[in-house]
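Listed below, chain by chain, are the residues.
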Amino acid sequence: MERKTLSIMRWAVIGFFLLITLLPFYYMVLLSLKPIESLLRNPASIIVTPTEFTLRAYEQVLAPVSAGGQGFGTFLLNSAFVAVSAVILSLLVAVPGAYAVARLPFFGHRQVNALFLAAYLFPAIVMAIPLFVLFTRLGLRGSLVGLVLVYIAQTVPVAIYMLRNYLETVPVSVEEAGLVDGLSRIGVLRRISLPLVLPSIMATGLFIFMIAWNEFLFALLFLVERRDSWTVSLGLSQLSGSAEIPTTVLMAGSVVLTLPILIVFFSTERLLTGGLTAGAEKG
């Protein structure tokens, strides 16, 4: 009886958290699929009837400005370029950096690890003004490349910290066996350590992707003057600040911002689990 009661309570708690998590997203999608006239007549409705269903809001959001839309199609491409570039370049720096901190003895390596976290003690706005001045003088303000460099500087410290903690769980004896077999340090990292830390690399890459995709402050500072270089988060903020934009269009923009993150997460979930299992078997 006690086990049955605990099982019921567990599913009740799971159902409760699913409800409060999915209901806002469901209502956001619902509003984006309704015409504004139906929303004004009955804003409390939680269903979309076949007669009400329309993709007009998405057409207006994704269409280019020259066609009377909001240009989110271009914003999506800009955000994808920034996020993917930030992930690739950050991991290229963070993986060997984390390995060096975790495995190679050098003076002050413990203090270096603490300094990586210390970078996050300062608010982003403190870094914003010096970076704004520096990138203006370098001619990178208004450039997506400049924004990628900012995100790399933001994410590399925490990426090194995350990967370093996972690398330390890899048995040293496995790497020593590779060195005895004639592998260099680079060979050990590439052939032995990387397959074992694959789940951590993927989780760190997903973390970097979400930061670069959703970040707003630096995108506003560096790109606000060039609409053709805007990211999705910056475009959405302009929609929410306009009294002329219907709620349905704003909700469609919110779905466009959120959906890629969900797709990336659920498409990599199986790879994350598979990589973790493979790492456990090799360890």
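Residues numbered from 1 in each chain as written. Predicted model: local features only at pLDDT ≥ 70, side-chain atom pairs only at ≥ 80, totals over all residues. Heavy atoms only, no water.

This part covers the packing of helix H4 (residues 72–103) against helix H9 (residues 185–196). At a minimum axis separation of 12 Å, H4 and H9 run at an interaxial angle of 100 degrees. Taken together, H4 and H9 sit at an angle that is classed as roughly perpendicular. Residues Val95, Pro96, Tyr99 and Arg103 of H4 pack against Arg185, Val188, Leu189, Ser193 and Leu194 of H9. Tallied by class, residues from the contact of H4 with H9 come to six nonpolar, one polar and two charged. (Axes fitted to C-alpha atoms, helices over the stretch in contact; angles between N-to-C directions. Helix = DSSP H or I, 4+ residues; strand = E, 2+ residues; numbered from the N terminus. Parallel < 35°, antiparallel > 145°, perpendicular 65-115°, else oblique. Contact = heavy atoms within 4.5 Å. Nonpolar A, V, L, I, M, F, W, Y, C, P; charged D, E, K, R; others polar.)

On to the nonpolar core, then. Ranked by internal contacts, the top residues of the largest apolar core, which has 63 residues, are Phe72, Leu147, Tyr151, Phe218 and Phe222. The greatest single-element share of this core, amounting to 13 residues, is contributed by H4. When sequence neighbours within four positions are dropped, the list of residues in contact with phenylalanine 222 reads Leu131, Phe132, Phe135, Arg141, Gly142, Ser143, Leu147 and Val150. (Core = buried A, V, L, I, M, F, W, Y, C linked by side-chain atoms within 4.5 Å. Buried < 20%, exposed > 50% of the residue type's maximum accessible area, 1.4 Å probe, protein only.)

Looking at where arginine 103 falls in the secondary structure, it is placed in helix H4. Apart from residues no more than four positions distant in its own chain, arginine 103 is found in contact with Leu167, Glu168, Val170, Pro171, Val172, Glu175 and Arg185.

The subject of this paragraph is the confidence of the model for the protein chain. Here the protein chain shows a mean pLDDT of 83. Residues at 70 or above account for 92%. Summarising per-element confidence for the protein chain, the mean pLDDT is lowest in helix H5 (residues 109–118) (70) and highest in H4 (91). Every residue in residues 275–283 scores below 50 in pLDDT, and together they form eight contacts with partners more than four places removed in sequence or on other chains. (pLDDT = per-residue confidence, 0-100.)

Our focus in this paragraph is the environment of serine 38. Tracing the backbone shows serine 38 in helix H2 (residues 36–41). Taking the C-alpha atoms as reference, serine 38 lies 10.0 Å from phenylalanine 53; in sequence the two are 15 residues apart.

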